[in-house]
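# Structural overview
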Amino acid sequence: MEENKYLDDISQIKDLMSRSSRFISLSGLSGIMAGIYAIAGALITYLFLLPEPGTYLTLHSWNFKLILIILIAVASLSILTAYLLTSKKAKKNNEKIWDATTKRLLVSFLVPLITGGIYILIKLSSQHYGLTGSLMLIFYGLALVNASKYTIGNIKYLGYAEIILGLICSAMPGYGFWFWVIGFGFLHIIYGSLVYVKEEKA
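The shown structure was predicted, so the numbers you read here are calculated from the model rather than taken from an experiment. (Residues numbered from 1 in each chain as written. Predicted model: local features only at pLDDT ≥ 70, side-chain atom pairs only at ≥ 80, totals over all residues. Heavy atoms only, no water.)

### Details of the overall build of the chain
Test applied: The numbering of helices and of strands both runs from the N terminus, where a helix is a DSSP run of H or I of at least 4 residues and a strand a run of E of at least 2. Throughout this description, buried means an accessible area under 20% of the type-specific maximum (1.4 Å probe, protein chains only), exposed means over 50%, and partly exposed covers the range between. Where accessible areas are quoted, they stem from the Shrake-Rupley method and a 1.4 Å probe; at the residue level, only the protein chains shown are allowed to cover.
Scanning the chain for helices and strands turns up 7 helices and 0 strands. Reading the helices (α) and strands (β) of the chain from amino to carboxyl end gives α-α-α-α-α-α-α. The buried share among the 202 residues of the chain stands at 35%. Carbon together with sulfur atoms contributes 69% to the accessible area of the chain, which is approximately 12,900 Å² in total.

### Quick notes on the nonpolar core
We count it as follows: Note on terminology: a nonpolar core comprises buried Ala, Val, Leu, Ile, Met, Phe, Trp, Tyr and Cys residues joined through side-chain atoms within 4.5 Å. The contact definition used throughout considers only heavy atoms, calling two residues in contact when any of these lie within 4.5 Å.
Formed by 23 residues in total, the largest nonpolar core has its most connected members in Phe109, Leu137, Leu144, Trp180 and Phe184. Looking at this core, the elements with two or more residues in it are α2 (28-49), α3 (62-92), α4 (100-125), α5 (132-147), α6 (155-170) and α7 (176-201). Here phenylalanine 184 is in contact with Ala34, Gly35, Ala38, Met136, Leu137, Tyr140 and Glu162, once residues within four sequence places are set aside. With 6 residues, the next largest nonpolar core counts Phe64, Ile120, Tyr129 and Phe139 among its residues.

### Observations regarding the packing of aromatic side chains
Threshold: Note on aromatic pairs: the rings of Phe, Tyr and Trp (six-membered ring only in Trp) are paired at centre separations within 6.5 Å, and the planes decide the class, stacked below 30 degrees, edge-to-face beyond 60, tilted for the rest.
Throughout the structure, instances matching the rule amount to 8 aromatic pairs. Here the aromatic rings of phenylalanine 109 and tyrosine 140 are separated by 6.3 Å at their centres, their planes lie at 85 degrees, and the arrangement is edge-to-face. In this pair, phenylalanine 109 is assigned in helix α4 and tyrosine 140 in helix α5, connecting sequence segments 31 residues apart. The structure contains a cluster of three or more aromatic residues connected by ring pairs, namely Phe109, Tyr140, Trp180 and Phe184.

### Examining the packing of α2 against α3
Applied cut-off: With axes taken as lines fitted to C-alpha atoms, and helix axes fitted only over the stretch in contact, angles between N-to-C directions fall between 0 and 180 degrees. Relative orientations are named as follows: roughly parallel for angles under 35 degrees, roughly antiparallel for angles over 145 degrees, roughly perpendicular for angles from 65 to 115 degrees, and oblique for any other angle. Crossings are classed by handedness, with left-handed meaning an anticlockwise turn of the near helix from the far one by less than a right angle and right-handed meaning a clockwise turn. Any residue outside Ala, Val, Leu, Ile, Met, Phe, Trp, Tyr, Cys, Pro, Asp, Glu, Lys and Arg is labelled polar, Gly included; the first ten of those are nonpolar and the last four are charged.
Closest axis-to-axis distance for the α2/α3 pair is 9 Å, and the angle between their directions is 165 degrees. When the axes of α2 and α3 are compared, the pair comes out roughly antiparallel. α2 and α3 meet at a crossing whose hand is right-handed. Where α2 approaches α3, its residues Leu29, Ser30, Met33, Ala34, Tyr37, Ala38, Gly41, Ile44, Thr45, Phe48 and Leu49 are matched on the opposing element by Trp62, Asn63, Leu66, Ile67, Ile70, Val74, Leu77, Ser78, Thr81, Ala82 and Leu85. For the contact of α2 with α3, a count of residues per class yields 16 nonpolar, 6 polar and no charged.

Listed below in structure tokens is the structure:
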């Protein structure tokens, strides 16, 4: 009996140590909303802003600037929604949302993401347009995997899926837009739904 109690105590200590070095898992609903925002932005882009078949976007074109605004809006809404829903979840579980672990998570996430963004802009300025979608997916996936060591959830699997999708996209550059929709839209919704179902059962 005492041995079982001793093992339970060790298990609880290990769990506390793990949680102190890892950020709380993100809300599943925030993943779903991020996917919806991405699909909505892609729909607007597809209906009004995509160039004619056989042509490419250029850095100085009016539709590229509008698409960039849409991308920023989608990213901003996703970040804001994730912050609000995760803050609500943290408060419910009596957990801190901002501490040293959160800072490490953000650095781990942003370094690959910002590096990828700069690299994509360099390629665009050199008029290499075909791989933009695949590069966005690959660097985003790398950012998720790199940050996953500071999270409790299984966000690394979403990162792996984004990387694989980006690599497939690189072999089919003419379909970059649709791979982007799948990666940032549907994969987010699927992952968020799985996490949300798990949260409901907890």
